[in-house]
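Topology and contacts: notes
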Amino acid sequence: ALTIEDGRLLDGFLLLAAGGSSSPDDVVSANLSSLQIIDVADEDLAYFVSLDRLDLSDNKLNHAHILRQMAKLPLISSLNLACNSIHTLQVTPHSLTKLECLDLSYNSLRGDILCELAQLYNLVTLNLSSNNISLIPPEGDICGLRSLEQLTLDNNDLVQFAQWRSLDVLPRLRKLSLKSNRIKRLKVDDLHGADGGGYFEALEDLDLSANDIVSCEQLLVVRLFRALQTLRLSNNPVMLGRSSDSQRLPGGVSIFAQQSKQWYLCGGGCFMRKVKPKEPRLKLNRKMLRRVRSATVGAG
C-alpha cells in the first residue's frame, strides 16, 4: 500500500529562521524539533558551514539516507534524531568526520545498526535507548567505534551478558548504561575473562538501574571489568530497603543506588519549568514554509 504523508521540508530558509540569522555562515546551532519535517533539501545544507549542533527530534525523518543528507553539513558535531520512527540507516564511508554526539533514541533500530555507525570513527557519545536492540554485532563489525566513550542502551532487550559482551572491543568506552533491560544476572562461562585478562579495559561507570537483579552474587562478572569504579543499581530488588549511600563490591567497585521513578513514569519533562533557551526564538513565516509529501510503500 502506498502511503502519502504531508509535512515540512527542511531547507535553507527553515534553518535560517531557526538560527536567527540572514546568513548561513552565522548559524551555529538550530532547534527544529517537533515541526513535522519529513524531508531534507540536502543541497541547501552545504551553505551552513558553521552549523555545529542540530536538533531534529520528534519529526518524521524515517528514511534510511538521513545521515547521508546530514553529511552535507561540514562541521556538524552534535545531531539529535530521537523520535523519528527510524528503522535503518545508511552511512557514507569517511563522512561526518566532525560528528561526536549522536542521539538515536526512541526509534525502531536493531543491533545491526552499529555496523553502519561503526563508520563514524570520531563518535564520542551515542544514545540508542528505547529501540529494538537484542544483540550487539561481533567485535570485528563494530571496532570502528574506536573513539566512543559513552553509550546508552536503556530500554532495549539486552538481557544476557553474551548479548553485549562484544562491546569489550571498544578501547575508550568509559560509561555504559543498560537501564531497563530485564537483566537478572551477568553470567560468563569463563570467569578468567577474555584471554585471561578480564573485560572492558576503559569502562569506569556501568549503570544497571531498573533491572531485575536480586543479588550481587549474580554480578560476579563485573569483577573482571578491569577499570570499573562505579556500578549503579537503583530500582533493583537487591537494593530494596537498603541505604542509598554508596556500598562496595570486593575489588573496590562502588555501588550506588537511589530510588526513583521507573523510566516510563518520568514522562518527557513537559511538566517541569522550562529552561530559558539560549538560542534565538524560532520565528516562522508560514507563507514561506514549503509543504511536501512523502510517499512510502507499506505491506498490504
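Residues numbered from 1 in each chain as written. Predicted model: local features only at pLDDT ≥ 70, side-chain atom pairs only at ≥ 80, totals over all residues. Heavy atoms only, no water.

Comments concerning helix α1 (residues 12-19)
Of all the 8 residues making up α1, 6 are buried; the element is thus mostly covered by neighbouring parts of the structure. Buried within α1 we find Gly12, Leu14, Leu15, Leu16, Ala18 and Gly19. (Buried < 20%, exposed > 50% of the residue type's maximum accessible area, 1.4 Å probe, protein only. Helix = DSSP H or I, 4+ residues; strand = E, 2+ residues; numbered from the N terminus.)

Some thoughts on the sheet that holds strand β9 (residues 175-177)
Either a parallel or an antiparallel arrangement is found when strands of a sheet pair, and the pairing is made through backbone hydrogen bonds. In spatial order, the strands read β2-β4-β5-β6-β7-β8-β9-β10-β11-β13-β12; together these 11 strands make up an open sheet with mixed pairing. On the outer flanks of this sheet lie β2 (29-31) and β12 (247-248), each paired with one strand and no other. Of the strands in this sheet, β2 and β4 (53-55) touch α1, which is tilted by about 100° from β2. (Pairing = 2+ DSSP bridges. Contact = heavy atoms within 4.5 Å. Axes fitted to C-alpha atoms, helices over the stretch in contact; angles between N-to-C directions.)

A few points about the nonpolar core
Counting residues in hydrophobic clusters, the biggest one holds 79 residues, and the most contacted among them are Leu54, Trp164, Leu167 and Phe225. Residue assignment for this core shows that the elements contributing at least two residues are α1, β3 (37-40), α3 (66-70) and α4 (113-117). Of all the elements, α1 adds the most residues to this core, at 4 residues. If we skip the residues at most four places from it in the chain, Leu167 touches Ile136, Ile142, Leu151, Leu153, Leu173, Leu176 and Phe200. (Core = buried A, V, L, I, M, F, W, Y, C linked by side-chain atoms within 4.5 Å.)

Comments concerning the pattern of salt bridges
Close approach of charged atoms lets side chains of opposite charge pair. Under the defined criterion, the tally for this structure stands at 5 salt bridges. In this structure, Arg53 engages Asp52 in a salt bridge whose closest nitrogen and oxygen atoms are separated by 3.1 Å. Given a relative accessible area of 38%, Arg53 falls into the partly exposed group. On the basis of relative accessible area, Asp52 is assigned to the partly exposed category, the value being 23%. Among the ionic pairs, Lys179 bridges to Asp207, the shortest N-O distance being 3.9 Å. With Lys179 in the loop between β9 and β10 (205-207) and Asp207 in strand β10, this residue pair connects regions lying 28 residues apart in the sequence. Taking relative accessible area as the criterion, Asp207 reaches 10% and is therefore assigned buried. (Salt bridge = Lys/Arg side-chain N within 4 Å of Asp/Glu carboxyl O.)

By themselves these figures say nothing about function.
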